[in-house]
Amino acid sequence: MPPTLASLVQHSALKLTVRAGEERLDRPVRWAHASELADPVPYMEGGELLLITALQLDAEDPEAMRRYVKRLAGAGVAGLGFAVGLHYDEVPKALVDAAESEGLPLLEVPRRTPFLAISKAVSAAIAADQYRAVTAGFAAQRELTKRALSEGPEGLLAALASQIDGWAALYDATGAVVATAPDWAERRAALLTSDVERLWERSVPASSVVGGSSDDGEDEDRVELHSLGTGRRPLGALAVGTAAALGTAERYAVHSAIALLTLTTERSRSLYAAEQRIGAAVLRMLLAGQPDHARAAAGDLYGELLDAPYRVILAESGAVPGARGRGVGGGLLSTSASPSPSAPGADAMAAEAGGDPVEGFAEVVEAAAARSGEAVLVVPDGERLVVLAADGGAVVASCAQYAEALLADRGAVEQGVDEDELVVGLSAPAGPIAAAAAYKQAEQALSVARRRGRVLVEHEELAAGSVVPLLADDAVRAFADGLLRALHEHDATGRGDLVASLRAWLSRHGQWDAAAADLGVHRHTLRYRMRRVEEILGRSLDDPDTRMELWLALKTSASGG
């Protein structure tokens, strides 16, 4: 604790006597300062013990003392020390009354006690308090380090909460609460998610002070938020809540916790790159049809992922140059034994997202895996991200939730995908021997997501729906319009209804009577119209390819409005 007026009064060598404000002697003293100015307030910062001899003051004038003391109290001066035996034999009553009226502690300083002695006593007490704080900070650092090594972030948070006599919470890169101490602080920490997101809008390192209310909406704590990480994008955040501002020792503990949590959440570039090289190798082996070799290479790092059905997830921005048509045999996923020139290294993996939607998706995936304890394989392939995640697990669920959130932000579903927007393709569940097929499924789903303006498409949706929506493409519509244009031009002259007749005939699989009944015409009339279709198009309706192309053209025109 810093020195207080009470501790100075109790200092045996100073012989100070309380003349006013005895009930407020618990005020901390930031410094002792001597001044004979009639108005020293412009030079005060607050918290000082002001020492005077009243050389420039009329200390016996009640009105003058009232104004003088009121100014000091308003400036936050901790107390006033008046030296007797120099200009006044005792403390003037006008000054005592003014101090009592304002509640400002007034101490009588005997002639034999120089102001310098008081300044030295305050300085020594401050230095001792700082030494105690530093010592306590180092002790807290040792305890936090010990708990972090033995119990992980949860143990560190518990030790930190004890050190600051409050609560602490850890957030991941998505702003979700990862751990709290004590447990009751989880609901309180969840209320600060929006404040954490605002903190991340600032450059790292960043901190802020916010208010976090208790469950009953009363007794607001003082909450500090600190970003974690050393790159441009934070990897998490630490929140600490206390009843009052942190002291020096508590501040040391918080900064130690920030450093330790940064070390635990931001692994070294070399370790991260090594894990990614293993992941890329495992993926290459799976796609090359070598599941046994892949399992051996995966070891404990990814082996658990290969023991159960998994999904292949592909993600990229809406319009990635060169992404379309990229297959399993190229880029990072080449089955060649030699590394691909485009294989990512430490720099690629450690690059900050910088607003890249694919990087943001990777953070969501890895955060979900970290929270659930699931194994997940995340491999960048140029501007595309490849993910292997357990079927039915938290990672796959987080992909769907993230897609729903992005879709809600976009507002419109069928308006296409901008270049800076995310598209994701998800394969059906697969095992190690079917990795190449699952990758192809994910590519197909990704292509459909891009065409339909969707954020995420699962491959299982493609077989469950109709093929017609897959044809919602400008090139397909142009083909359909060109194929049917001559028939539409004929109908526009009023010489027959060839398009409607062709649609009815094809829908009835060439059954003349049924199609004619649908149209309300004689079957001979329908036969004549179909001959006219053949003449105008120059194609035979007996050809199954012609029938297929005409039917798809009709369906495409109908779906396109």
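Reading the values: the criteria
Residues numbered from 1 in each chain as written. Predicted model: local features only at pLDDT ≥ 70, side-chain atom pairs only at ≥ 80, totals over all residues. Heavy atoms only, no water. Helix = DSSP H or I, 4+ residues; strand = E, 2+ residues; numbered from the N terminus. Buried < 20%, exposed > 50% of the residue type's maximum accessible area, 1.4 Å probe, protein only. Areas by Shrake-Rupley, 256 points an atom, 1.4 Å probe, with all protein chains shown as cover. Pairing = 2+ DSSP bridges. Axes fitted to C-alpha atoms, helices over the stretch in contact; angles between N-to-C directions. Salt bridge = Lys/Arg side-chain N within 4 Å of Asp/Glu carboxyl O.

**Student:** For this particular structure, what's the right way to read the overall build of the chain?
**Tutor:** What the chain contains, in helices and strands, is 19 helices and 15 strands. The buried share among the 561 residues of the chain stands at 45%. Accessible surface for the chain amounts to roughly 27500 Å². Of this, 51% is attributable to carbon and sulfur atoms.

**Student:** Got a minute to help me understand the sheet that holds strand β12 (residues 376–381) in this structure?
**Tutor:** Reading across from one edge, β12-β13-β11-β14-β15 is the order of the five strands in this open sheet, with mixed pairing throughout. This sheet does not close on itself; its edge strands, each paired only once, are β12 and β15 (456–458). Mean inter-strand twist for the sheet, computed between neighbouring axes without regard to direction, equals 15°. Strand direction decides the pairing type here: strand β11 (residues 310–317) and strand β14 (residues 422–426), joined by five bridges, are antiparallel.

**Student:** Looking at this model, I keep getting lost on the pattern of salt bridges. Mind explaining?
**Tutor:** Two side chains bearing opposite charge may form a pair once their charged atoms approach each other closely. Applying the stated criterion to the full structure yields 25 salt bridges. Residue Lys70 pairs with Glu102 through a salt bridge whose shortest N-O separation is 4.0 Å. Here Lys70 is found in helix α2 (residues 62–74), whereas its partner Glu102 is found in helix α3 (residues 93–102), with 32 residues between them in sequence. Judged by its relative accessible area of 46%, Lys70 is partly exposed. Classification of Glu102 as partly exposed rests on a relative accessible area of 26%. The salt bridge involving Arg147 is made with Glu143; its shortest N-O contact spans 3.6 Å. Pair noted here: Arg147 and Glu143 are both in helix α4 (residues 115–164), with a separation of four residues, about one helical turn. Look at Glu143 and you get partly exposed, because its relative accessible area is 28%. Several salt bridges share partner residues, and in doing so they unite Glu316, Arg384, Lys440, Glu443 and Arg450 into one network.

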